[in-house]
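# Per-entry structural report
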Amino acid sequence: MSIPSSSQDIGQQAARAWTISSQVANASVAPSVETVETARLSCVSLEKSYRKGHHIIPVLRGLEIDVRPGEFLSIVGQSGSGKSTLLHVLGLLDAPSVGEVHLDGKRIDNLPAHKRDLLRNGDFGFIFQFYHLLPELTLMENVVAPLMIRHSTWSWWKKQREIREAAGEIIEKVGLGHRLKHRPSELSGGEMQRAAIARALVGHPRILFADEPTGNLDSSTGQGIMALLNSLNELEGLTIIMV
């Protein structure tokens, strides 16, 4: 079975939607041919399987995807069709069984572990359905956590005021400037997702991966999160891949 490739106008010039079928193991997606510019992120002959006992469970097979700079790509499909698995492989949270992942034309899935760590911390930002905020930290502390990891102890202490000021600007942008000292248990679902978006943006990523960012929210709150993502894509040119 093939995965149909389709375009969907959601208000942005660079927006596309791909439908991923429930039979992902037998599918392929043709890359976009709308432009010859180098893709920001791409995968080549991508396959992913998992072993369960004596059985091998195929999840992805033969995927070919090109994501252009500044594009908003939405991957849609039924539960269990492999959408999150694809996102995790593209974001280097998981390794492909076969195939390659490229960033700006250079292969990245086979890099040493520490270089893949640097890409996840610097070039990629991640938003998850269940937020993954640390409950013992305040909103500000959660947002700056990726930068604390990026810097050495000495570098952090030297730059923490500058970093916190920059993080505060991003927190204001997502509408949570009044919640800086609140912990996740004191935030609503929509506020926790906005905090997660701020955390994903604080490192100035080139690509934002969003794994069902509205799946745990009510309709109205979800629409607000989508409006924020659309704004980031349209006004700042942020490349976004969302399932």
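The rules behind each value
Residues numbered from 1 in each chain as written. Predicted model: local features only at pLDDT ≥ 70, side-chain atom pairs only at ≥ 80, totals over all residues. Heavy atoms only, no water. Helix = DSSP H or I, 4+ residues; strand = E, 2+ residues; numbered from the N terminus. Buried < 20%, exposed > 50% of the residue type's maximum accessible area, 1.4 Å probe, protein only. Polar contact = N/O pair within 3.5 Å; in protein donor to acceptor, adjacent residues only side chain to side chain. Contact = heavy atoms within 4.5 Å. Axes fitted to C-alpha atoms, helices over the stretch in contact; angles between N-to-C directions. Left-handed = near helix turned anticlockwise from the far one by under 90°. Nonpolar A, V, L, I, M, F, W, Y, C, P; charged D, E, K, R; others polar. Core = buried A, V, L, I, M, F, W, Y, C linked by side-chain atoms within 4.5 Å. pLDDT = per-residue confidence, 0-100. Pairing = 2+ DSSP bridges. Phe/Tyr/Trp six-rings, centres within 6.5 Å; stacked < 30°, edge-to-face > 60°. 1 Å grid on protein atoms, 1.4 Å probe; cavity = no way out; pocket = protein on both sides within 12 Å on 5 of 7 lines; lining within 4 Å. Points joined across faces, edges and corners; volume = space filled by probe spheres on them.

## Observations regarding the side chain of K48
For K48, the position within the fold is in strand β3 (residues 41–52). On the accessibility criterion, K48 (9% relative accessible area) is buried. At 3.3 Å, the side chain of K48 forms a polar contact with the side chain of D94. In this structure K48 touches I57, P58, V59, L60, T85, D94, A95, P96 and S97, once residues within four positions along its chain are discounted.

## Describing the packing of helix α3 (residues 139–150) against helix α5 (residues 189–201)
Running from N to C, α3 and α5 point in directions that differ by 30 degrees, and their axes come no closer than 7 Å. Of the two possible hands of crossing, α3 and α5 adopt the one that is right-handed. Between α3 and α5, the residues in contact are L139, N142, V143 and P146 and A195, A198 and R199, respectively. Per-class residue counts for the contact of α3 with α5 are five nonpolar, one polar and one charged.

## Some points on the nonpolar core
The biggest cluster of nonpolar side chains holds 34 residues, and the ones touching the most others in it are I197 and L229. Sorting the residues of this core by element identifies α3, α4 (153–173), α5, β9 (207–210), α6 (219–236) and β10 (239–242) as the ones contributing at least two each. Take this core: its biggest share by element is six residues, from α5. Beyond its immediate stretch of four places on either side in the chain, I197 contacts I127, V174, I225, L228, L229 and L232. Counting residues in each nonpolar core, the second largest holds 25 residues, with L41, I65, I75 and L87 among its members.

## Some details on the confidence of the model for the chain
Considering every residue of the chain, the mean pLDDT works out to 85; 85% of them sit at 70 or more. Confidence over residues 1–14 falls short of pLDDT 50; this stretch has 31 contacts with residues more than four positions distant or in other chains. Long-range and interchain partners of residues 22–35, a stretch whose pLDDT sits below 50, account for 38 contacts in this model, where long-range means more than four residues apart.

## Some thoughts on the sheet that holds strand β7 (residues 106–107)
Hydrogen bonds between backbone groups are what pair the strands of a sheet, and the pairing can be parallel or antiparallel. In spatial order, the strands read β4-β3-β6-β7; together these four strands make up an open sheet with antiparallel pairing. Looking along the sheet, the strands with just one partner apiece sit at the ends: β4 (55–67) and β7. Along the sheet, helix α1 (residues 83–90) contacts β3, β4 and β6 (98–103); its crossing angle with β3, the most-contacted strand, is approximately 120 degrees.

## Considering the packing of aromatic side chains
Taken as a whole and judged by the stated rule, the model has four aromatic pairs. Seen from their ring centres, F124 and F209 are 5.2 Å apart, and the 85 degrees between their planes marks the pair as edge-to-face. One end of the pair, F124, is in strand β8 (residues 124–127); the other, F209, is in strand β9, with 85 residues separating them in the sequence. Residues F126 and F209 carry aromatic rings whose centres are separated by 5.3 Å and whose planes lie at 15 degrees to one another, so their mutual orientation is stacked.

## So, the layout of surface pockets
When its volume is computed, the largest pocket comes out at roughly 450 Å³. Taken together, 21 residues line the largest pocket, and the ones lying closest to its centre are R120, N121, F126, P146 and R199. Of all the secondary structure elements, the ones that give two or more residues to the lining of the largest pocket are α2 (113–122), β8, α3 and α5. At five residues, α3 tops the list of elements feeding residues into the lining of the largest pocket. A per-class count over the lining of the largest pocket returns eleven nonpolar, six polar and four charged.

## Side note on the pairing of β6
Relative to β6, β3 runs antiparallel, the two sharing five bridges. What sits directly across from E47, in β6, is V98. The hairpin turn running from β6 into β7, its antiparallel successor, is two residues long, and D104 in that turn takes a positive phi close to 50 degrees.

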